[in-house]
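Coordinate analysis (summary)
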Amino acid sequence: MVPTITAFETSPDRGQGLARDMPVRWALEEVGQRYDVRLVSFRDMKQSAHLRLHPFGQIPTYEAGDLALFESGAIVFHIADRHAGLLPGDASARARAITWMFAALSTVEPPILDREIATLVENDKTWHAERLPLVEDRIRARLSELSHRLGDADWLDDAFSAGDLQMVTVLRRLKGSGLLDPNLSAYVARGEARPAFKRAFAAQLAVFTGKAPTG
Ligand code: GTB
């Protein structure tokens, strides 16, 4: 069964692959699963047809037969769980890879999202100039711990896994910020060099350039 995912009809990131259909596309490419894409506008996302799929009126969603999912992390996990290639066969290694998925989304990403809100939404507040350095300090602390744990390894736990896919996706939000140290920049570059990442990136970029086939 070919799943259908949803993505922005017009992504505010202008093709940088920062919207959350990107990890889903990347996971599908890693496991070799063909997929269709239904592009939705900001208006479509708030209509009842989409709200039945996504209670918060967002992208991405994932539909395959009777199954409809939302939350990019849950969708990536579902793909990784159903196909070979993104989670190790060994039960303990698999549990560690899943732990890294959670760490990416619930420990590393929150201060990064705080910074985006501070920069994009709160930049006209009187307290913005005081708050931003505090948020960036929290990011630096997390990233320093992460970089230390990664050390000189290629991936977080032996072979590339859904944990790395999720972590690289989160860290990509900081590209150009100056907050990624050389070790983490190289880690992100290794993720982006994977053929599956490149295919996913090209597919979402094609939406921006108007050359994407849609499902
Ligand atoms: N926790 C959910 C998940 O992981 O699936 C969050 C989903 C989410 O935030 N979706 C966003 C959305 O639909 C798009 S990805 N927003 C519309 C709305 O809420 O009305 C977030 C995003 C948007 C834009 C950029 N960008 O321009 O760089 C990056 C990321």
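Below you will find a few notes about this structure. (Residues numbered from 1 in each chain as written. Predicted model: local features only at pLDDT ≥ 70, side-chain atom pairs only at ≥ 80, totals over all residues. Heavy atoms only, no water.)

Turning our eyes to something else, we now look at the overall build of the protein chain. Scanning the protein chain from terminus to terminus reveals nine helices and four strands. Each helix and strand of the protein chain, ordered N terminal to C terminal, gives the series β-α-β-α-α-β-β-α-α-α-α-α-α. Computed over the C-alpha atoms, the radius of gyration of the protein chain is 17 Å, within 12% of the 17 Å expected from 2.2 N^0.38 for a compact globule of 215 residues. Taking the principal axes of its C-alpha atoms as reference, the protein chain extends roughly 45 × 45 × 30 Å. Relative to its full complement of 215 residues, the protein chain shows a buried share of 46%. Accessible surface, the protein chain: about 11100 Å² in total, of which carbon and sulfur atoms supply 54%. Each charge sign in the protein chain was given a centre, from 26 positive and 28 negative side chains, and these centres are 4 Å apart. (Helix = DSSP H or I, 4+ residues; strand = E, 2+ residues; numbered from the N terminus. Rg over C-alpha atoms; globule rule 2.2 N^0.38 Å. Buried < 20%, exposed > 50% of the residue type's maximum accessible area, 1.4 Å probe, protein only. Areas by Shrake-Rupley, 256 points an atom, 1.4 Å probe, with all protein chains shown as cover. Lys, Arg positive; Asp, Glu negative; His and termini not counted. Charge placed at Lys NZ, Arg CZ, Asp CG, Glu CD.)

Before going further, it helps to examine the site of the ligand. Contacts to the ligand come from 15 residues, most closely from Lys 46, Gln 58, Ile 59, Glu 71 and Ser 72. At a separation of 3.3 Å, an oxygen atom of the ligand approaches a polar side-chain atom of Arg 20. In the model, an oxygen atom of the ligand is placed 2.6 Å from a nitrogen or oxygen of the Ser 72 side chain. Burial of the ligand by the surrounding chains reaches 76%, relative to a free accessible area of 680 Å². (Near = heavy atom within 4 Å. Polar contact = N/O pair within 3.5 Å; in protein donor to acceptor, adjacent residues only side chain to side chain.)

Inspection of the secondary structure assignment puts Thr 169 in helix α7 (residues 162-172). In this structure the side chain of Thr 169 is engaged in a polar contact, spanning 2.7 Å, whose partner is the backbone oxygen of Leu 165. Apart from residues lying up to four places away in sequence, Thr 169 is in contact with Pro 23 and Trp 26. (Contact = heavy atoms within 4.5 Å.)

With four bridges connecting them, strand β3 (residues 61-64) and strand β4 (residues 67-70) associate as antiparallel partners. Paired with Thr 61 across the two strands is Phe 70, which belongs to β4. Here β3 folds back onto β4 in antiparallel fashion, the turn holding two residues, of which Gly 65 has a positive phi close to 60°. (Pairing = 2+ DSSP bridges.)

The subject of this paragraph is the pattern of salt bridges. Counted under the stated rule, the structure contains 19 salt bridges. With a shortest N-O distance of 3.0 Å, Arg 82 and Asp 81 are connected by a salt bridge. On the accessibility criterion, Arg 82 (54% relative accessible area) is exposed. Residue classification places Asp 81 among the partly exposed residues on the basis of a relative accessible area of 32%. In this structure, the salt-bridge partner of Arg 142 is Glu 145, at a minimum N-O distance of 3.0 Å. With Arg 142 and Glu 145 both in helix α6 (residues 128-150), this residue pair falls three residues apart, about one helical turn. The class for Glu 145 is partly exposed, based on a relative accessible area of 44%. (Salt bridge = Lys/Arg side-chain N within 4 Å of Asp/Glu carboxyl O.)

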